[in-house]
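Each chain, letter by letter, is given below.
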Amino acid sequence: MALGDLGNVDLLFAGTLLLLMGFVVGWWWPWQWWLSGLLMGGILPLVQLWATLARFPMPYVPDPLQGLLLLIPALLMAGFGAIVHQKTPYTPAALRARLRRARQADYHDYEES
């Protein structure tokens, strides 16, 4: 995600991926939503710093403030994913159990025929 930003002129691509992945990671690991939001949002300024120090060719001059501002949507969406995890019955563990029961039912029907 952060490396994909190095080829774009604006941060819209990276911001959109942060929104989507922030929700998914917050939903999947709701107990540590803040840590995953910080890690995902904080990686972009670190990659921009690395690219500047390594003199990686970029089509724009990186602005550290823009990268830090992307911490906000990453944290918000990770928190929103954690809230959705707590409020809905479709948690990852429930979905895995449901899939396991469906496989067992299919296997049982197969043995009977």
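Details of the structure are given in the entry above.
Let me sum up the structure you'll find in this document. (Residues numbered from 1 in each chain as written. Predicted model: local features only at pLDDT ≥ 70, side-chain atom pairs only at ≥ 80, totals over all residues. Heavy atoms only, no water.)

Let's shift gears to the overall build of the chain. When helices and strands are counted, the chain shows six helices and zero strands. Secondary structure elements of the chain, listed N to C terminal, follow the sequence α-α-α-α-α-α. Counting only residues that meet the buried cut, the chain has 31% of its 113 residues in that class. Counting only carbon and sulfur atoms, one obtains 70% of the accessible surface of the chain, whose full area is about 7900 Å². (Helix = DSSP H or I, 4+ residues; strand = E, 2+ residues; numbered from the N terminus. Buried < 20%, exposed > 50% of the residue type's maximum accessible area, 1.4 Å probe, protein only. Areas by Shrake-Rupley, 256 points an atom, 1.4 Å probe, with all protein chains shown as cover.)

Helix length check: helix H3 (residues 33-53) (21 residues) gives 31 Å between terminal C-alpha atoms against 30 Å at 1.5 Å per residue, within 8%. Most pronounced at Ile43, the bend in H3 amounts to some 30°, and the proline Pro45 follows within four residues. Here H3 has its buried residues at Ser36, Gly37, Met40, Gly41, Leu44, Pro45, Val47, Gln48 and Ala51. With its phi angle positive at about 55°, Arg55 sits one or two positions after the end of H3. (Expected span 1.5 Å × (residues − 1). Bend = angle between axes of the 7 residues up to and from the residue.)

Functional significance is not addressed by these values, which are geometric in nature.
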